[in-house]
Amino acid sequence: MKIAITAQSNSLDAPMDSRFGRAQGFIVYDLDKDEFEYVSNDQNLNLPQGAGIQAAQNVAQTGAKAVITGHVGPKAFLALEKGGIDLYLVGSKTVAQAIDDFRNGRLNKAEEADKPGHW
């Protein structure tokens with residue numbers, strides 16, 4: 001199974017990016033192979049609107065079945081939900097800590113967005 005974690009850089013030791021739609025990028029981690037790739041989110045950083053929806057589409061293209069991030073708006077939440085991608089909202093962690101928490105069942109699936117649009 002692949003999971004996508006919002007990240008400030010291309011490293012498992014990187015801090016998570018608290019934003020979803022305007023995250024610097026995503027670490028897409030394959031739990032079965034213990035491998036990861038970095039997917040840049042540069043194209044969405046300055047969009048006036050729709051960044052969350054675009055980011056959700058980009059994550060879906062990686063094959064990830066879960067996203068771990070700090071915050072998500074309602075449109076991105078809906079896009080992830082429609083794509084069959086589970087969402088987990090967490091506080092400040094490194095990417096590696098988030099992966100460890102996910103593996104060990106310490107994260108709770110989000111039931112709704114935690115931010116209004118355009119925050």
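Residues numbered from 1 in each chain as written. Predicted model: local features only at pLDDT ≥ 70, side-chain atom pairs only at ≥ 80, totals over all residues. Heavy atoms only, no water.

Peer 1: Explain the nonpolar core to me, and be specific about the residues and the numbers.
Peer 2: In this structure, F20, V59, V67, L80 and L87 are the most contacted members of the largest nonpolar core, which totals 17 residues. At the level of elements, β2 (25-30), α1 (51-62) and α2 (74-82) are the ones that each hand at least two residues to this core. Among all residues touching L87, those that are not within four sequence positions of it are V67, T69, V72, F77, L80, N108, K109 and A110. I3, M16, V95 and I99 belong to the second largest nonpolar core, which has 16 residues in total. (Core = buried A, V, L, I, M, F, W, Y, C linked by side-chain atoms within 4.5 Å. Buried < 20%, exposed > 50% of the residue type's maximum accessible area, 1.4 Å probe, protein only. Helix = DSSP H or I, 4+ residues; strand = E, 2+ residues; numbered from the N terminus. Contact = heavy atoms within 4.5 Å.)

Peer 1: Give a description of the sheet that holds β2 that names residues and reports values.
Peer 2: On the basis of which strands lie adjacent, the open sheet formed by five strands has the order β3-β2-β1-β4-β5 and mixed pairing. At either end of the open sheet lies a strand with only one pairing partner, and these are β3 (35-40) and β5 (86-89). The sheet shows a mean angle of 20° between the axes of neighbouring strands, direction not considered. Relative to β2, strand β1 (residues 2-7) runs antiparallel, the two being bridged by six bridges. From the neighbouring strand, I3 faces β2, where its bridge partner is Y29. Packed onto the sheet, helix α3 (residues 95-103) meets β1, β2, β4 (66-69) and β5 and runs at close to 145° relative to β1. (Pairing = 2+ DSSP bridges. Axes fitted to C-alpha atoms, helices over the stretch in contact; angles between N-to-C directions.)

Peer 1: Describe in detail unusual backbone geometry, supporting the description with residues and values.
Peer 2: Located in the positive-phi region is D34, a residue other than glycine, with phi close to 55°. Inspection of the secondary structure assignment puts D34 in the loop between β2 and β3. Look at D34 and you get partly exposed, because its relative accessible area is 47%.

Peer 1: Outline the environment of K93, listing residues and values.
Peer 2: Assignment of secondary structure puts K93 in the loop between β5 and α3. Separated by 77 residues in the primary sequence, K93 and M16 place their C-alpha atoms 5.9 Å from one another. Not counting residues up to four positions away in its chain, the partners in contact with K93 are A14, P15, M16, A98 and D101. There is a polar contact of 2.8 Å between the side chain of K93 and the side chain of D101. (Polar contact = N/O pair within 3.5 Å; in protein donor to acceptor, adjacent residues only side chain to side chain.)

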